[in-house]
Amino acid sequence: MACEEAGAMRGRGWAAWVMAWALLCAGPAFAAETKMPPGLTGGWGGARGLLYELGVALQVRYVTELAFNARGGKGHALRQAGQLNVGLGLDMEKLVGLKGGTFQFSFTHRNGNNLNADMELGNLQLVQEVYGRGNVGRLTQLWYDQLFFDGRVHLKLGRVTVGEDTADFPCDFQNLSFCGAQPGNIVGNYWFNWPVSQWGTRLRVDLKKVAYVQLAAYEVNPRNLEEAFYLGRFNGATGVMLPLELGWNPKFRGDRLEGLYKVGVWYDTSNAPDVLLDGVEREGRYGLYFVARQQLTHVAGAENTAQGLNVFARLTYADRDTSTQDGQYTLGLGYTGVFGRADDDVGFALGATHSNGRYVTAQRLEQAQDPSTVVPRTEYLGELYYSLHATPWLVLRPNFQYIRPGGDEAARNIIVLGLKGALTL
């Protein structure tokens, strides 16, 4: 997952947070603010702000995640994983007078070590969500987005990540269960979240100010997972993934309590092996998901409109013929404005990742022949974090994770102490 630093902007208000997530991670690079967000390196003698006013947004960010297994695995160890993201956003209206046009380029480099693997924790979901897909540089975004009909129709195409537009969700938490587009957490062999990109297009139509429908098409190409830098694979595709999503963005109590609700389905035309029946090939893969976030309370007169309590819930189901994990369910809450600090927040979440019973059966049959075969089960976990907005360009987020691992039914419960940091340069 990649857009952890967008959570640092949530304190500016729910709507600003939603747009900031699009700015930093997914959508048009100029959607959120009228002036350049501050960074550690400042305004570069005024050059950074001038470029922004001309239609050029330069984005440089680094995210690091430390994780220490206080319990579980084969011992104790501290591991670090990080991600450098360099981006360029172009407002085509400011640059060349093309109204509603946006271009986005992002390069991502990941580095570090995976505590899950190094200490054999036996869990299904990463305790450092920023780790994964190889310690390599990747072209993550290279797309163009155009608005039509007074901004009601959005057409986007190029090299994209599925999770930036479909079932998208921020990465405030450090455990992967609570981060990014949820389907990619359980069917990541063909649903590619950040930083893996593929050729794709998305058409979104705003039905009203608070509702939309969108249809997307993404190339399914296993070669995109190869750990090497490339501009784009032009062969090796196995099919096309077609997600359909409906969204609702209501506001209650005089527009002070904002919500975001999404429901979607997807179908991948690729053939895939059955997880239980040897030699059986299934035609197509599919699933459905639901995402909800809602602010419940508002602090009257607060300098930060996001101060108050908010909740979220996410549900994803994948087909049982081809998916080793066929469900993930999470529920969480957060409060912004703790300890008298307007932007600081605390979050708590519970989740479960369900191992497909058909796949479990297959593993048990294999175990009868080979005792070393690992049998999975359902994984349960909880995470608690405190987010310190130390400066406008630095967020520090210590966290505590308790996990009943699901990758190996023999693995013992895990306690992980973590620290997540996001730095905007």
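Check the entry above for the structure.
Predicted, not measured: the structure shown is a model, and the values here were computed from it.

Observations concerning the environment of F234
Link 1 in the chain: Following the sequence through the fold, F234 ends up in the loop between β7 (211–220) and β8 (239–248).
Link 2 in the chain: Note on F234: relative accessible area 71%, which makes it exposed.
Link 3 in the chain: Counting along the chain gives 39 residues from F234 to P195, while the straight-line C-alpha distance between them is 18 Å.

Quick word on the pattern of salt bridges
Link 1 in the chain: According to the stated counting rule, one finds 20 salt bridges in the structure shown.
Link 2 in the chain: Salt bridges linked by common partners bring D145, K156, E164, D165 and R202 together as one network.

Digging into the packing of aromatic side chains
Link 1 in the chain: In total, this model carries eleven aromatic pairs according to the counting rule given.
Link 2 in the chain: When the ring of F173 is compared with that of F312, the centres are 6.1 Å apart and the planes differ by 65 degrees; the resulting orientation is edge-to-face. Taken as a pair, F173 in the loop between β5 (153–160) and α5 (183–186) and F312 in strand β12 (residues 308–318) lie far apart in primary sequence, 139 residues in all. Taken individually, F173 and F312 each receive the classification buried, so the pair is uniform in this respect.
Link 3 in the chain: On the basis of an interplanar angle of 40 degrees and a centroid distance of 5.6 Å, the ring pair of W199 and F234 is categorised as tilted. Taken as a pair, W199 in strand β6 (residues 198–208) and F234 in the loop between β7 and β8 lie far apart in primary sequence, 35 residues in all.
Link 4 in the chain: Judged by relative accessible area, W199 falls into the partly exposed class, the value being 31%.
Link 5 in the chain: An aromatic cluster of three or more residues is present, and its members are F169, F173, F178, F312 and Y385.
Link 6 in the chain: Over the aromatic face of Y212 sits the side chain of R204, whose NZ or CZ is 3.9 Å from the ring centroid.
Link 7 in the chain: One cation-aromatic arrangement involves R285 over Y190; the distance from NZ or CZ to the ring centre is 4.0 Å.

Let's talk about the state of the cysteines
Link 1 in the chain: Applying the stated rule across the entire model yields one disulfide.
Link 2 in the chain: Paired by a disulfide, C171 and C179 hold their sulfur atoms 1.7 Å apart. As the torsion about the S-S bond is roughly 75 degrees, the C171-C179 disulfide counts as right-handed.
Link 3 in the chain: For C171, a relative accessible area of 2% translates into the label buried.

With respect to the pairing of strand β17 (residues 414–424)
Link 1 in the chain: Direction of pairing for strand β1 (residues 56–71) relative to β17: antiparallel, over a ladder of ten bridges. Among the inter-strand pairings, A67 is bridged to a residue of β17, identified as G418.
Link 2 in the chain: Pairing between strand β16 (residues 394–404) and β17: ten bridges, direction antiparallel. Within β17, the residue paired with N399 across the bridge is G418.

What counts as what
- Residues numbered from 1 in each chain as written.
- Predicted model: local features only at pLDDT ≥ 70, side-chain atom pairs only at ≥ 80, totals over all residues.
- Heavy atoms only, no water.
- Helix = DSSP H or I, 4+ residues; strand = E, 2+ residues; numbered from the N terminus.
- Buried < 20%, exposed > 50% of the residue type's maximum accessible area, 1.4 Å probe, protein only.
- Salt bridge = Lys/Arg side-chain N within 4 Å of Asp/Glu carboxyl O.
- Phe/Tyr/Trp six-rings, centres within 6.5 Å; stacked < 30°, edge-to-face > 60°.
- Lys NZ or Arg CZ within 6 Å of the ring centre and 35° of its normal.
- Disulfide = S-S within 2.5 Å.
- Pairing = 2+ DSSP bridges.

All quantities given are derived from atomic positions and should not be read as evidence of function.
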